[in-house]
Amino acid sequence: PIAANELPCVLEESRKAINVSWAVDLLQREVDHRREGNLNRRIKRGNFQLMKALEQFDWDFNPKIRRESIENLATMNFIDDKEIILFLGLPGTGKTHLAEALGLKAIMNGYNVYCSSLKKLAEDIDRALMKNDLPNLFKKILSNDLLILDDWGTVSLPRKITEEIFDLLDRRRLSTAMILTSNRDVKEWPSVFADPVLASAAIDRIFDRATIEIFEGKSYRLHGNKEKRYDKKEERS
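Numbers given for residues are sequential positions, taken from 1 along each chain in its written order. Given that the model is predicted, a residue must reach a pLDDT of at least 70 before its local features are reported, and side-chain atom pairs must reach 80 or more before they are shown or counted; all residues, however, enter totals for whole chains, interfaces and linings. Water and hydrogen atoms play no part in the side-chain values, which are based on all heavy atoms of the structure.

Draft legend 1. Quick peek at the packing of helix 6 (residues 118-130) against helix 8 (residues 159-172). Simply put, an axis is a line fit to the C-alpha atoms, just over the touching stretch for a helix, and the angle between two N-to-C directions goes from 0 to 180 degrees. Runs of H or I in DSSP of at least four residues are treated as helices and runs of E of at least two as strands, each being numbered from the N terminus. Contact pair helix 6 / helix 8: the axes reach a minimum separation of 10 Å and the direction vectors enclose 105°. Taken together, the axis directions place helix 6 and helix 8 in an arrangement best described as roughly perpendicular. Within the contact between the two elements, helix 6 uses L118, L121, A122, I125, D126 and L129 and helix 8 uses K160, I161, E164, I165 and L168. Gly falls in the polar group here, along with every residue not listed as nonpolar (Ala, Val, Leu, Ile, Met, Phe, Trp, Tyr, Cys, Pro) or charged (Asp, Glu, Lys, Arg). When its residues are assigned to classes, the contact of helix 6 with helix 8 shows eight nonpolar, no polar and three charged. Any angle that is under 35 degrees is reported as roughly parallel, and any over 145 degrees as roughly antiparallel; angles of 65 to 115 degrees are reported as roughly perpendicular and all others as oblique. Whether two residues are in contact is decided by their heavy atoms, any of which lying within 4.5 Å being enough.

What follows is the structure in structure tokens.
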């Protein structure tokens, strides 16, 4: 019979005609959902404080900052080369904002990032020493592609902590790029360390092949506080 003979051909043509675009769309949504979930997890692990993007930075407010240099860092080449970037200068001029913004961009580009202030890092090291868990802490930090260390030089630390920070700085050269921010004069940095010899060695590690960006100009924080005071005056008047 004709029908029986043509049945395999008809079935094959019907199979080809089935629209499977819904399945492709469903799979793409699953992939996007997993990618977004992974991104959010890596942002959470990064311990960001400000959560501000590079696009949110007001370049016009502080034209002394070298925008071209910062945008060059946003190519992420310094991460691949395990370089150190130093953001040095006056308080409130955008160092932390730009450091974390570069960190967020790094995560968007597939890198892993770990953020900490010097004070928090010292507390984490002290806690890890008490729990005999320092190797795990260092593994957690050094397994990232980028370490952002904020507010260097703001606190003086006991010898047992500075010895471990020196060890961390020494070991990161083989695995992790770093952005370090500080509003203290470099001459004051030795005060962080109880031992002047250790201080000198640590500072050498920090400045080894480092790229330095100097932040000058007006304070964003003072500008923001003035705006808030002005707004309150307007409300009362």
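Following the structure, the description resumes.
Draft legend 2. Summary view of the environment of I161. Take I161: it is sitting in helix 8. When the C-alpha positions of I161 and D124 are compared, they lie 9.8 Å apart, and in sequence the two are 37 residues distant. Other than its neighbours up to four places away in sequence, I161 contacts A122, I125, D126 and L129.

Draft legend 3. View of the nonpolar core. Residues grouped as a nonpolar core are buried Ala, Val, Leu, Ile, Met, Phe, Trp, Tyr and Cys residues, joined through side-chain atoms within 4.5 Å. Remark: exposure states derive from per-residue accessible area (1.4 Å probe, protein chains only) relative to the maximum for the residue type, with buried under 20%, exposed over 50%, and partly exposed in between. With 33 residues, the main nonpolar core has I125, L137, W152, I165 and L180 as its most contacted residues. Listed by contribution, the elements that provide at least two residues to this core are strand 1 (84-89), helix 6, helix 7 (134-142), strand 3 (146-150), helix 8, strand 4 (177-182) and helix 9 (196-207). Ignoring sequence-local partners within four residues, the contact set of L180 consists of I85, L86, F87, L149, W152, W189 and I206. Membership of the second largest hydrophobic core comes to 29 residues, among which are F57, A106, V113 and A177.

Draft legend 4. The arrangement of empty space enclosed by the protein in detail. Any residue with an atom within 4 Å of a point lines the site, the site being either a cavity, points on a 1 Å grid over the protein atoms alone where a 1.4 Å probe fits but cannot get out, or a pocket, an open set with protein on both sides within 12 Å along at least 5 of 7 lines. Grid points are joined across faces, edges and corners, and a volume is the space filled by probe spheres set on the points. Enumeration over the complete set of coordinates arrives at one cavity of 30 Å³ or more. Here the largest cavity defines a volume of roughly 40 Å³. K82, E83, I84, R172, R173, R205, D208 and R209 are the residues that line the largest cavity. Here the residues of the lining of the largest cavity sort into one nonpolar, no polar and seven charged.

Draft legend 5. Just helix 5 (residues 95-108), in detail. For helix 5, built from 14 residues, the straight-helix expectation of 20 Å at 1.5 Å per residue is met to within 8% by its first-to-last C-alpha distance of 20 Å. With 11 of 14 residues buried, helix 5 is to be regarded as a mostly interior element. Inspection of helix 5 places K95, H97, L98, A99, E100, A101, L102, G103, L104, A106 and I107 among the buried residues, and these make up the whole buried set. Just downstream of helix 5 lies G110, where phi reads positive at about 100°. Any helix carries an expected span of 1.5 Å times its number of residues minus one.

Draft legend 6. Representation of unusual backbone geometry within the structure. Not every positive phi belongs to a glycine, and M76 is a case in point at roughly 75°. With respect to the helices and strands, the residue M76 is situated in the loop between helix 3 (67-73) and helix 4 (77-80). Relative accessible area serves as the criterion here: at 1%, M76 is assigned to the buried category. A positive phi is found at N132, a non-glycine position, where the angle reads about 55°. In this structure, N132 sits in the loop between helix 6 and helix 7.

Draft legend 7. Focus on the environment of I43. Note that I43 resides in helix 2 (residues 21-45). For the pair I43 and M108, spaced 65 residues apart in the sequence, the C-alpha separation amounts to 9.1 Å. Other than its neighbours up to four places away in sequence, I43 contacts F48, M51, L104, I107 and M108.

Draft legend 8. Here's a closer look at helix 9. Given a rise of 1.5 Å per residue, 12 residues ought to cover 16 Å, and the 16 Å separating the end C-alpha atoms of helix 9 matches this to within 8%. Every buried residue belonging to helix 9 is among L198, A199, A202, I203 and I206, and all of these are buried. The buried side chains of helix 9 occupy one side of the element, clustering within an arc of 130° when seen end-on. Turned more than 90 degrees away from the buried face of helix 9 sit V197 and D204, all of them exposed. Summarising the contacts, the buried residues of helix 9 are in contact with strand 1, helix 8 and strand 4. Of the residues that open helix 9, the one with a side-chain oxygen 2.9 Å from the backbone nitrogen of V197 is D195. Arc definition: it is the arc formed by the directions from the helix axis to the C-beta atoms. N or O atoms closer than or at 3.5 Å make up a polar contact, with two conditions inside protein: a donor-capable atom paired with an acceptor-capable one, and, for residues adjacent in sequence, both atoms drawn from side chains.

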